[in-house]
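Here's the letter readout for the chains.
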Amino acid sequence: MDPMILALSGSKPPTHNHYHHDWFGYDSSGTRSKRLSVNHQSLQKPRKERLNDLKNEKKYAINTSLSLEKPPLEVICQVRTRIPTPHGEIFCHLYTNNHDKKEHLAFVVDPEQLQREFVSSNDLRSKSLDAIRSGESELDRLTRGAYVGKIKRNSAEINIASTNSLNASPYTLRQEHKDPLAPLVRIHSECYTGETIGSQRCDCGEQLDEALRQMFVGTSKDQHTKPRGVIVYMRQEGRGIGLAAKLRAYNLQDLGHDTVTANELLGFGADERTYEISASILRDLGLGIGSSGIRLMTNNPDKVNALEFEGIPVSDRVEMIPRAWKCNHLEELKIKGLKQKHLFANPRRFSTGGEQTPTCVNEKGEEEDKDVFAKTLSTAENDSGDEYLQHVLRRSGAGLIGAGATQGEDLERYLRTKIERMGHLITIPKDKEQIEEKK
Ligand SMILES: Nc1nc2c(ncn2[C@@H]2O[C@H](COP(=O)(O)OP(=O)(O)OP(=O)(O)O)[C@@H](O)[C@H]2O)c(=O)[nH]1
């Protein structure tokens, strides 16, 4: 017999190696007793119950449509902060809610707010953020972003000095004429692969960037009077099935199934998302009934219907055309070095400081004149080819925001399926109609 084991079995109290198991046990009143007699009592629930809990938790998180069992939905903006992006400054809002355990976000484009000392009735502001919370100081309000204008370096000192001077209405509200143009809104679902490493299996990263860009510069259809819009960023990875399942679906797609069938083979619907949380966030930002409505940036008819069902007035739909589809003449241009994937550059914008997204559409989203584009591009190449390429590749902003167009065979297939099987409302360009299927 191993002397070590002998020593252990004789020791008092005996060693135990079960994490979370209590050695001393409990008496009948439930108090922890230091009895020497051994009474193992696990503080964990039995494994079967724990697994059940896990399963229910997962179901709860994925299937938000089980709203019958849930309390009335409540969303609260916990914090708002200013974020400079390659397109301009935005406010990032973090929301919690009582239906799922996720922190959904809203990116608000309304830079006019940053310059003002008062709140305008047109401002895209969160009601739940601005509401006064009991016992909070002005520093608390500043820290969670419930301030007006832009915080300057000494704002904190000024506001600490007047701590507790809050009354029921901390801001001056100025009623102004309603903006004639409803704000642009995009309901965007998280896509870890598309937004971190620029996956070319989908158009998600590009869509996020394009939505932000158009909120600043306007769409091809509407003239913006000022940058304005909201991106509700929903943590509904993989159209609501989660990252692991989406990655499995990708493998099924490599076996030849399309995005819809792959979901179905895994036991999910083509799209598991619901929109009541997005709608509540929009209402919180003042875009519900009684507002001038929203212009929804999407090709997906389900999103329009779902938001209207939730009482958000959708006055218009703005289509999201993949950048590569706007730039198909680049193929003909055969430009040395620039014919790489996701390199569709607009030298005009590049030459104005590289602050805008490089595409071959102009600031209003219209396609550039082919010859003008070719000429400017060749001039740029002749002048400083390498430098030019470097600028296009290394833009301000480290992520995909501010990057170029995404393209590739997988993406073409994905977009095609969305149009043909999910009813998405864009037209496949003529030269893209034949997608060569790999044997
Ligand atoms: N299950 C699954 N999800 C995918 C796949 N490709 C992308 N996604 C997810 O789809 C979501 C992106 O959809 P969205 O861009 O919000 O919306 P959409 O329904 O495509 O419609 P648009 O508003 O027109 O873009 C993200 O959560 C991605 O992770 C795929 O092949 N399978």
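So, a few notes on the structure that sits alongside this text. Keep in mind the model is a prediction, meaning the values are calculated, not measured. (Residues numbered from 1 in each chain as written. Predicted model: local features only at pLDDT ≥ 70, side-chain atom pairs only at ≥ 80, totals over all residues. Heavy atoms only, no water.)

Structurally, the position occupied by Ile187 is in strand β8 (residues 184-189). Taking the C-alpha atoms as reference points, Ile187 and Thr298, separated by 111 residues in sequence, lie 8.1 Å from one another. The contact partners of Ile187, leaving out residues within four places of it in the chain, are Val232, Met234, Tyr275, Ser278, Leu282, Leu296, Lys303 and Leu307. (Helix = DSSP H or I, 4+ residues; strand = E, 2+ residues; numbered from the N terminus. Contact = heavy atoms within 4.5 Å.)

The ligand sits among 25 residues. The nearest are Glu190, Arg273, Thr298, Lys303 and Lys418. At 2.7 Å from an oxygen atom of the ligand is found a main-chain nitrogen or oxygen belonging to Glu190. The backbone of Asn299 places a nitrogen or oxygen atom 2.9 Å from an oxygen atom of the ligand. Breaking the shell around the ligand down by element, the ones donating at least two residues are β8, α7 (204-217), α8 (243-254), α9 (259-265) and α16 (409-422). Grouping the constituent residues of the shell around the ligand by class yields six nonpolar, 11 polar and eight charged. (Near = heavy atom within 4 Å. Polar contact = N/O pair within 3.5 Å; in protein donor to acceptor, adjacent residues only side chain to side chain. Nonpolar A, V, L, I, M, F, W, Y, C, P; charged D, E, K, R; others polar.)

Here we come to the pairing of strand β10 (residues 294-297). With burial as the criterion, each face of β10 is covered, one bearing Ile294 and Leu296 and the other bearing Arg295 and Met297. Strand direction decides the pairing type here: β8 and β10, joined by two bridges, are parallel. Counterpart to Leu184 in the pairing with β10 is Arg295. Between the parallel elements β10 and strand β11 (residues 314-318), the chain passes through helix α11 (residues 301-309) in a crossover that is right-handed. (Buried < 20%, exposed > 50% of the residue type's maximum accessible area, 1.4 Å probe, protein only. Pairing = 2+ DSSP bridges. Right-handed = clockwise from strand over helix to strand, strands pointing away.)

The next subject is the nonpolar core. If you look at the biggest cluster of nonpolar residues, it comprises 33 residues, and the most contacted ones within it are Ile187, Val230, Leu282, Ile294 and Leu307. When residues of this core are traced back to their parent elements, those giving at least two are β3 (75-85), β4 (88-97), β5 (104-109), β8, β9 (229-234), α10 (276-284), β10 and α11. Looking at this core, the element that brings in the most residues is α10, giving four residues. Excluding residues that lie within four positions of it along the chain, Leu307 makes contacts with Ile187, Tyr275, Ala279, Leu282, Ile294, Leu296, Ile312 and Val314. Core analysis: the next-biggest nonpolar cluster, separate from the first, contains 17 residues, Val109, Ala211, Val217 and Tyr233 among them. (Core = buried A, V, L, I, M, F, W, Y, C linked by side-chain atoms within 4.5 Å.)

Attention shifts here to α8. End to end, α8 covers 17 Å across 12 residues, agreeing with the expected 16 Å (1.5 Å per residue, within 8%). Turning to α8, its buried residues number three or more, namely Ala245, Lys246, Ala249, Tyr250, Leu252 and Gln253. Axial view of α8: buried residues confined to an arc of 160°, hence all on one face. Residues of α8 that are exposed and point over 90 degrees away from its buried face: Arg248, Asn251 and Asp254. Residues of α8 that are buried in the fold lie against α6 (192-196) and α9. One or two residues past the end of α8 sits Gly256, with phi positive at roughly 115°. (Expected span 1.5 Å × (residues − 1). Arc of directions from axis to C-beta.)

Right, let's talk about the sheet that holds β11 for a bit. Spatially, β3-β4-β5-β9-β8-β10-β11 is the arrangement adopted by the seven strands of the open sheet, whose pairing is mixed. Two strands bound the open sheet, and with one partner strand each, they are β3 and β11. In this sheet, neighbouring strand axes are inclined to one another by 25° on average, regardless of whether the strands run parallel or antiparallel. As defined by bridge partners, β4 adjoins β5 across five bridges and the pair is classed as antiparallel. Residue pairing across strands places Phe91 opposite Val108, the latter belonging to β5. In the packing of α10 onto the sheet, the strands contacted are β3, β4, β5, β8, β9 and β10, and the crossing angle to β9 comes to about 145°. (Axes fitted to C-alpha atoms, helices over the stretch in contact; angles between N-to-C directions.)

Attention now goes to the state of the cysteines. A complete count under the given rule lists zero disulfides for this structure. Its sulfur unpaired, Cys92 is 8.7 Å from the next cysteine sulfur, which belongs to Cys77. (Disulfide = S-S within 2.5 Å.)

In this structure the tally under the stated criterion is one aromatic pair. Here Phe107 and Tyr233 contribute two aromatic rings whose centre-to-centre distance is 5.8 Å and whose plane-to-plane angle is 50°, an arrangement assigned as tilted. Within this pair, whereas Phe107 is found in strand β5, its partner Tyr233 is found in strand β9, the two being separated by 126 residues in sequence. Each member of the pair Phe107 and Tyr233 is classed as buried. Sitting above the plane of the Phe91 ring, Arg80 keeps its charged end 3.9 Å from the centroid. Just above the ring of Phe118 sits the side chain of Arg174; from NZ or CZ to the centre is 3.8 Å. (Phe/Tyr/Trp six-rings, centres within 6.5 Å; stacked < 30°, edge-to-face > 60°. Lys NZ or Arg CZ within 6 Å of the ring centre and 35° of its normal.)

Three- or four-residue spacings in an α-helix give side chains the same orientation, since the helix completes a turn every 3.6 residues. Taking burial as the measure, the nine residues of α10 include eight buried ones, the bulk of the element. For α10, the set of buried residues is Glu276, Ile277, Ser278, Ala279, Ser280, Ile281, Leu282 and Asp284. Looking one or two places after α10, you find Gly286, whose phi comes out positive at around 85°.

Shape descriptors only; they carry no functional weight alone.
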